[in-house]
Amino acid sequence: MEWTWLLTAWAIVEIILRIVLLGVIPGNRRPTTAMAWLLAVFLVPSVGFVLFLLFGNFRLSRRRREQQEQVNERVRAGTSALADVVSTYSGPEWVTSAAELNRRLGSLPMVDGNSAELIPGYEESLKAMAEAVRGAKSFVNAEFYIMSSDSVTDELLTELENAADRGVDVRLLFDHIGTLRIPGYRRLVRRLKRGGIQWRRMLPLLPIHGQWRRPDLRNHRKILVIDGEIAFTGSQNLIEPSYNNPKHRRAGRKWVELMVRMEGPIVATLNVVFATDWLSETDESLEYQLQVSDRATAGTITAQVVPSGPGFVTENNLRLFNTLIYSAQHRISICSPYFVPDDSLLYAITTAAQRGVDVELFVSEKGDQFLVHHAQRSYYEALLEAGVRIYLYRAPYVLHAKHFTIDEEVAVLGSSNMDMRSFSLNMEVSVMLLGAEAVDSMRSVESAYRDMCQELTLNDWLDRPMLAKYVDNVARLTATLQ
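This report concerns the structure included in the present document. This one's a predicted model, so the numbers in the text were calculated from it and none came from an experiment.

A separate point is helix H15 (residues 370–377). When we look at burial in H15, the residues that qualify are His373, His374, Ala375, Gln376 and Arg377. Buried residues in H15 make contact with strand S11 (358–364), helix H16 (380–386), helix H19 (458–462) and helix H20 (466–478).

Interhelical geometry of helix H13 (residues 316–327) versus helix H14 (residues 343–354) gives an angle of 15° and a closest axis separation of 9 Å. Judged on the interaxial angle alone, H14 and H13 are roughly parallel. In terms of crossing hand, the pair formed by H13 and H14 is left-handed. Residues Leu318, Phe321, Asn322, Ile325 and Tyr326 of H13 lie in contact with H14, whose contacting residues are Ser344, Leu345, Tyr347, Ala348, Ile349, Thr351 and Ala352. Residue composition of the contact of H13 with H14, grouped by class: nine nonpolar, three polar and no charged.

What follows concerns the packing of aromatic side chains. In the structure shown here, the tally under the stated rule is ten aromatic pairs. Each ring, one from Phe174 and one from Trp199, has its centre 5.9 Å from the other, and the planes form 15°; the classification is stacked. With Phe174 in strand S3 (residues 169–175) and Trp199 in strand S4 (residues 198–202), the pair connects residues that are 25 residues apart, well separated along the chain. Relative accessible area serves as the criterion here: at 0%, Phe174 is assigned to the buried category. Sitting over the face of the ring of Tyr379, Arg476 holds its NZ or CZ atom 3.9 Å from the ring centroid.

About the criteria used
Residues numbered from 1 in each chain as written. Predicted model: local features only at pLDDT ≥ 70, side-chain atom pairs only at ≥ 80, totals over all residues. Heavy atoms only, no water. Buried < 20%, exposed > 50% of the residue type's maximum accessible area, 1.4 Å probe, protein only. Helix = DSSP H or I, 4+ residues; strand = E, 2+ residues; numbered from the N terminus. Contact = heavy atoms within 4.5 Å. Axes fitted to C-alpha atoms, helices over the stretch in contact; angles between N-to-C directions. Parallel < 35°, antiparallel > 145°, perpendicular 65-115°, else oblique. Left-handed = near helix turned anticlockwise from the far one by under 90°. Nonpolar A, V, L, I, M, F, W, Y, C, P; charged D, E, K, R; others polar. Phe/Tyr/Trp six-rings, centres within 6.5 Å; stacked < 30°, edge-to-face > 60°. Lys NZ or Arg CZ within 6 Å of the ring centre and 35° of its normal.

Note that every value here comes from positions in space, so none of it alone points to a role or purpose.
Okay, structure coming up:
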């Protein structure tokens, strides 16, 4: 009799829970996202409710959002020199329009006179960063989603320590959860504590200290700034190319990345993004670092930094990507390791292909994340039917670079994937490079990818096993749980 009452009471609670969440979950969410959460709650109410409590809030805490707004205001107030920068870019009007969109959303201007050297080699980029740090005289600011102290990163970490020893102000940020889940985290922390580097965890998840938020909100940015004169950004984390994973090493699996080394006024705007994150974690202002360098023009490239993430009201990266894709007239080349678009991006890409633009997509033949990889595969049929050419980068390599080119006018690269996590959950940074010089350099990288790829055809894709289709479609549901 007692069990009957308990089961009845539990059934009533579940019914009430479903009714309440039916009016709560759809608020400020995409319909597809809301439907996915409601499906989870209606199928398994108790489990679905717990997961919604943990992962359903895609915003930072109220305190953190208010702090972020204050940080943004303080940084904008301290970068008056940047506010007065006027570009003389004379390219297509649609590019200028995209740059104005970026400035309104992210507060950072388009700046002329930059150089941009793409570095597709994994260890080559680490050596280039180490060499730049070796010449540091005033400060070094480093921010990476994942960091590790291992045989491949040791040279760069040693140079950071040496710079601190000779009086250079060295500041370092890494994402707490992103780095914590990598083997060797404690070794890294011990090394940082021994040295003179000033370091902090980004978005720390430490409930005992009152630091709590949705567990998968992450700072995914990769930035290195030296003396306000040299900067690096892109897709690469500071870790050896198999991510210190014996399973990856046995399979020969390595990550393929793309970084860019830049000089010119663009460096100051990248440093603004670092300063914002540093102020958020430490309450220390770096306004004195944020003036444009007095050095002569470094090159001929016009560029613009585009920050995005939960600290902004709008999805800056998604709006930029859609704007540029809809503006394309001739060619779009996209490289994204985790390609799980929302409806707006999927429509932009397929519409471009259907109106005659040559569209190609580079993705890994086999991804490193099961659900994301299969969710990504669920979009291939629609893309192929629209005329998008899909190139699969041969396993066991993981194509982790994140970039795209539009016509002969625009190249974009950075930390942002083309998935809903990067659009809504992760703090990201992208750089828009304008002109044929930047596009030609990126197209050379894309051509090298093509040589390592196998093209996927619609007939081959439709012939895949029914079980594979089923798994892809189920995984697609999880992609919208935000």
